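As a plain string of letters, each chain reads:
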Amino acid sequence: MIQFDRIKKTFTLTTEKTMYQMQIGPVGHLLHLYYGPVTEGCFDYLQLTRDCGFSPNPYDLQEGRGWSLDTQAQEYSTPGVGDFRLSTLESESADGIQGADLRYVSHQIRPGKYQLAGMPAAFAGEGEAETLSVLLADAATGMQVELLYGVFSQRNVITRAARILNRGASALRLNKAASVCLDLPFGDWQMIHFHGRHTMERQPERVTLMNGIQTISSARGASSHQHNPFVILCQPDTTDRFGQCCGMMLVYSGNHRTDVEMDQAGAVRAVMGISDTNFSWTLEPGEVFEMPEVLLTFTQEGLDDLSHLYHRFIQHNVCRSRYALERRPVLLNSWEAAYMDFDAEKLLRIARSAKELGVELFVIDDGWFGNRDDDFRGLGDWFVNEKKLPGGLKVLLDSIHALGLKTGLWLEPEMVSEDSDLYRSHPDWALTVPGRKPTMGRSQLVLDLSREDVIQWLYETIAGLLRENPIDYVKWDMNRHLTDLYSHTLPACRQGEVTHRYVLGLYDLLERLTREFPDVLFEGCSGGGGRFDAGMLAYHPQIWCSDNTDPIARLTIQEGTSYGYPVPAMGSHVSASPNHQTGRSTPLGTRGVVAMSGTFGYELDPGLLSQEEKDEIRRQIDRYHDWQDLIREGDYYRIQSVDKARPYGAWEFVSPDRDEVLLNVVLADVSSNPRPLHLHLKGLDPQGRYRIESAGFYGCNARLPHVPDRIFTGGELMYGGYTLPILLGNYPSVQICWKSVTG
Ligand code: DGJ
């Protein structure tokens, strides 16, 4: 619900459990009052009105010197008018005026959810959301800013975005244009963010805010392995189970930046949006610049609850694919099975043995096109390599279909190799700086997706492949970051627009392809999880979580990812042992337990497995089929993160009706005579009665400590907990499924 109080000039946005309040200030600035639990109230009494010294006053409020933008919580902060803290905007008019003094002009409340032109944004079903837009203007430059708020009452999510409109007579230059400023004027806040590197993405880190500014950002042209565009601000005592936390997630896949500042008064301000590194944008009179959306959540019920809010929202209101809410096929991907060393016969042999094990989709990864025998060449030549696959792609795909398998194909559309027909005929289609040798990444260059002709060619090429071949699934990869940020078609004054235009081009391409081919299942990828963000999830219902398929390393990668992103979006496969990335050997069963907490599939050559291993894979796939609805639709709970004192990861899925629960535990280390491995389950009905339906132990000889037909109450399992038997061995694991019993 969105309410405007004409007397107090407050906007109150309420969801079932949260409330967000703003006020038009005494001289028209849009002030932030409150974001927290839903309650009656007007929080304008919290505004600071004392002179803090060296905090300047708007001209018409100079008497008393107590009112300063430097100490007021605001919705969209600008520089140059008395607020010396983080600013959302850096701008310059043709006559050199920097900054803006944004004052209220008008507002509109309407049913439904606003959309953004050319960028993904959350969508709403009938009656599911309302929109508030507030128009602010700067008299000196003619700049207007429209702040957009989408209120999803039942989902407890508030979305925000902003548009800049040039209503002046001459061009405006934007040097920074962030989407959101969120002020938290009181309280002790910590920040959780998700950093990493290739093959070790989204490692959670919780830090106490320092006085000053902390920054999470990517200037790599992609949201990146290094810093995910998602942060959580929480109280020091917040845990997975309890406590206040507030999430900010950017729906954007390119350069991003989140600054969190603790100011002189101890107030916290978070500014999130497109990064200002290498960014500038020229806005001609009458033009509009839109900024990507931020998904805000607040809860008092801990980090698990915050994760559930994001999981549901992304699945129901961000991801547009019909597969977002559907079962996904168990796949086998050829990458770690064959890399680029294959021909049709080998692929068919792998596909045939995969089918015998119960696999449903066979994916031909990198190496099927052009002269792509290694990763030094071939990107951009999206026609089949007939030496490897004689007769063409369709012949092979038809043969795979004839085995009763769905077919999948790997593409890396955004890239071009120097050694490719595409580069030879269109060298200017790559991002390169005139007069400078380009920087190479995996021996490839990045296509200039800011160009319409490049987008059109990519669209025709990929659409052609999808029209002419029986392809059920596409893996969309991106294996280097952007350098040499120069487009050969843009004028000098617009070269700072390249990285954002690149993302807009990418979204345009994805929009057209996913619209035309709604039945193709798209999986995103960027050297694993280098572009795992809500922007890509709008088009791809699943993203390859990491190039690291080691189940022990995956414990933290998948757990980190789970804070913001739904489990069914995480591409996760069982690969060979010893693992190709870490060299570690782990039991097949343990690899299965971890991969099942994701889209589930394989990435190995089944022909190299023993009969015993093949049998285990058949059983694994059966188990996955039994549980895939629970995993996809159920609530995911983090139970234990691997740490020194407790070197095991534990997590759980609970069905929406709380009738079924699946507990997963993986040991990253074992010790002799260990302390009891005791876990408290979560999310059950305390009065419910649960019986163990099945228990699987992998990589160890353990058995259940209780007679299997012992019935537990939900309260016993949650408050008393459950003690596992001693687990010894190399990376043992356990899966226990309880079902509720009636009577
Ligand atoms: C990086 C991906 O993450 C891998 O899964 C694989 O597709 C390779 N690229 C292929 O080059």
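Located above this text is the structure these notes cover.
What comes next is a walk through the structure. For clarity, every value in this text was computed on a predicted model and none was experimentally measured.

With that settled, the discussion passes to the packing of aromatic side chains. Counted under the stated rule, the structure contains 28 aromatic pairs. Residues phenylalanine 230 and tyrosine 565 carry aromatic rings whose centres are separated by 6.1 Å and whose planes lie at 65° to one another, so their mutual orientation is edge-to-face. In this pair, phenylalanine 230 sits in strand 14 (residues 230-234) while tyrosine 565 sits in the loop between helix 9 (551-562) and strand 28 (570-571), placing the two residues 335 residues apart along the sequence. For phenylalanine 230, a relative accessible area of 1% translates into the label buried. Members of the aromatic cluster, joined through ring pairs, are Phe194, Phe230, Tyr310, Phe532, Tyr563 and Tyr565. Sitting above the plane of the tyrosine 459 ring, arginine 512 keeps its charged end 4.3 Å from the centroid.

So, about the site of the ligand. Among the 13 residues in the neighbourhood of the ligand, the closest are listed as Asp365, Asp366, Lys475, Asp477 and Asp547. Taking asparagine 479, its side chain carries an N or O atom lying 3.4 Å from a nitrogen atom of the ligand. The fraction of the free accessible surface of the ligand (300 Å²) that becomes covered by protein chains is 98%. When grouped by side-chain class, the residues that make up the shell around the ligand number four nonpolar, three polar and six charged.

Inspection of the secondary structure puts proline 686 in the loop between strand 34 (677-679) and strand 35 (689-698). The class for proline 686 is partly exposed, based on a relative accessible area of 28%. Apart from the residues lying within four places of it in its own chain, the contact partners of proline 686 are Arg658, Thr713, Gly714, Gly715, Met718 and Tyr719.

By the secondary structure assignment, isoleucine 192 is in strand 11 (residues 190-197). Counting along the chain gives 416 residues from isoleucine 192 to leucine 608, while the straight-line C-alpha distance between them is 42 Å. Residues in contact with isoleucine 192, not counting those within four places in the same chain, are Glu205, Arg206, Phe230, Val231, Ile232, Cys234 and Leu303.

Together, Tyr45, Leu46 and Phe186 give the surface a local cluster of nonpolar side chains, amounting to about 330 Å² of exposed area. Along the polypeptide, leucine 46 turns up in the loop between strand 4 (30-37) and strand 5 (89-93).

Once that is clear, we can look at the sheet that holds strand 38 (residues 733-740). The six strands lie next to each other as 31-32-33-38-35-36, forming an open sheet whose pairing is antiparallel. Every interior strand has two partners, whereas the edge strands, strand 31 (635-640) and strand 36 (711-713), have only one. Between one strand axis and the next, the sheet turns through 25° on average, direction left out of account. Note that strand 33 (residues 660-667) and strand 38 share seven bridges and pair antiparallel. Looking across to strand 38, one finds that glutamate 660 is bridged to lysine 739. Of the strands in this sheet, strand 32 (648-654), strand 33, strand 35 and strand 38 touch helix 10 (residues 588-596), which is tilted by about 55° from strand 38. Strands strand 31, strand 32, strand 33, strand 35 and strand 38 of the sheet are contacted by helix 11 (residues 611-633), whose axis makes an angle of about 125° with strand 33.

In the structure shown here, the tally under the stated rule is 50 salt bridges. The closest approach of N and O atoms between aspartate 263 and arginine 85, which form a salt bridge, is 3.2 Å. Of the two residues, aspartate 263 sits in the loop between strand 16 (256-262) and strand 17 (268-274) while arginine 85 sits in the loop between strand 4 and strand 5, which places them 178 residues apart along the sequence. Taking the shortest distance from any N to any O, the salt bridge between aspartate 550 and arginine 584 comes out at 2.8 Å. Placement of the pair is aspartate 550 in the loop between strand 27 (542-544) and helix 9 and arginine 584 in the loop between strand 29 (573-575) and helix 10, with a sequence separation of 34 residues. Of the residues examined, aspartate 550 reaches a relative accessible area of 0% and is grouped as buried. Under the relative-accessibility criterion, arginine 584 is labelled partly exposed at 24%. Each of Asp83, Arg85, Asp183, Asp263 and Arg269 takes part in one network of salt bridges that share partners.

Among the six residues that make up strand 31, five are buried, leaving the element largely enclosed by the rest of the structure. In this sheet, strand 32 lies alongside strand 31 in antiparallel orientation, the contact comprising five bridges. Its bridge partner being in strand 32, glutamine 640 is matched across the sheet by alanine 650.

Let us look at the side chain of glutamine 226. Along the polypeptide, glutamine 226 turns up in the loop between strand 13 (212-218) and strand 14. Not counting residues up to four positions away in its chain, the partners in contact with glutamine 226 are Phe194, His195, Gly196, Arg197, Arg220 and His481.

The subject of this paragraph is the sheet that holds strand 2 (residues 10-14). Strand order in the open sheet made by the four strands is 1-2-3-4, with antiparallel pairing throughout. Of all strands in the sheet, those with a lone pairing partner are strand 1 (2-5) and strand 4, marking the two edges. Each adjacent strand pair in this sheet contributes to an overall mean axis angle of 15°, direction not counted. Pairing analysis gives four bridges linking strand 1 to strand 2, with the strands arranged antiparallel. Bridge assignment links phenylalanine 4 to a residue of strand 2, and that residue is phenylalanine 11.

Compared with an ideal rise of 1.5 Å per residue, which puts 17 residues at 24 Å, helix 1 (residues 302-318) spans 23 Å between its outermost C-alpha atoms and is within 8% of the ideal. Where burial is concerned, most of helix 1 is hidden: 15 out of the 17 residues are buried.

Right, let's get into the packing of helix 10 against helix 11. Look at helix 10 against helix 11: their axes get within 10 Å of each other, and the N-to-C directions meet at 25°. Classified by the angle their axes make, helix 10 and helix 11 are roughly parallel. The two elements helix 10 and helix 11 cross, and the hand of that crossing is right-handed. Between helix 10, through Leu588, Gly589, Gly592 and Met596, and helix 11, the contact on the second element is made entirely by Glu613, Glu616, Ile617, Gln620, Arg623, Tyr624, Trp627 and Ile631. Taken together, the residues of the contact of helix 10 with helix 11 sort by class into six nonpolar, three polar and three charged.

A word on helix 4 (residues 393-402). Among all positions in helix 4, only Leu393, Leu396, Leu397 and Ile400 are buried. What you see down the axis of helix 4 is that its buried residues fit within an arc of 95°, all on one side. Along its buried surface, helix 4 packs onto helix 3 (344-357), strand 21 (361-364), strand 22 (406-411) and helix 6 (452-468).

Of note, aspartate 547 is situated in the loop between strand 27 and helix 9. Classification of aspartate 547 as partly exposed rests on a relative accessible area of 22%. When the C-alpha positions of aspartate 547 and methionine 1 are compared, they lie 43 Å apart, and in sequence the two are 546 residues distant. Here the side chain of aspartate 547 touches tryptophan 544 through a polar contact of 3.1 Å, side chain to side chain.

Let us look at the pairing of strand 11. For strand 11, the buried fraction is high: six of the eight residues fall into the buried class. In this sheet, strand 12 (residues 200-208) lies alongside strand 11 in antiparallel orientation, the contact comprising seven bridges. Paired with histidine 195 across the bridge in strand 12 is glutamine 203. The turn linking strand 11 back onto strand 12 is made up of two residues, and threonine 199 within it adopts a positive phi angle of 70°. Direction of pairing for strand 11 relative to strand 14: antiparallel, over a ladder of three bridges. Residue glutamine 190 lies in a different strand from strand 14, and its bridge partner there is cysteine 234.

Rules of the game
- Residues numbered from 1 in each chain as written.
- Predicted model: local features only at pLDDT ≥ 70, side-chain atom pairs only at ≥ 80, totals over all residues.
- Heavy atoms only, no water.
- Phe/Tyr/Trp six-rings, centres within 6.5 Å; stacked < 30°, edge-to-face > 60°.
- Helix = DSSP H or I, 4+ residues; strand = E, 2+ residues; numbered from the N terminus.
- Buried < 20%, exposed > 50% of the residue type's maximum accessible area, 1.4 Å probe, protein only.
- Lys NZ or Arg CZ within 6 Å of the ring centre and 35° of its normal.
- Near = heavy atom within 4 Å.
- Polar contact = N/O pair within 3.5 Å; in protein donor to acceptor, adjacent residues only side chain to side chain.
- Areas by Shrake-Rupley, 256 points an atom, 1.4 Å probe, with all protein chains shown as cover.
- Nonpolar A, V, L, I, M, F, W, Y, C, P; charged D, E, K, R; others polar.
- Contact = heavy atoms within 4.5 Å.
- Patch = residues over 30% accessible without salt bridge, like charges linked within 9 Å, V, L, I, M, F, W, Y side chains within 5 Å.
- Salt bridge = Lys/Arg side-chain N within 4 Å of Asp/Glu carboxyl O.
- Pairing = 2+ DSSP bridges.
- Axes fitted to C-alpha atoms, helices over the stretch in contact; angles between N-to-C directions.
- Expected span 1.5 Å × (residues − 1).
- Parallel < 35°, antiparallel > 145°, perpendicular 65-115°, else oblique.
- Left-handed = near helix turned anticlockwise from the far one by under 90°.
- Arc of directions from axis to C-beta.

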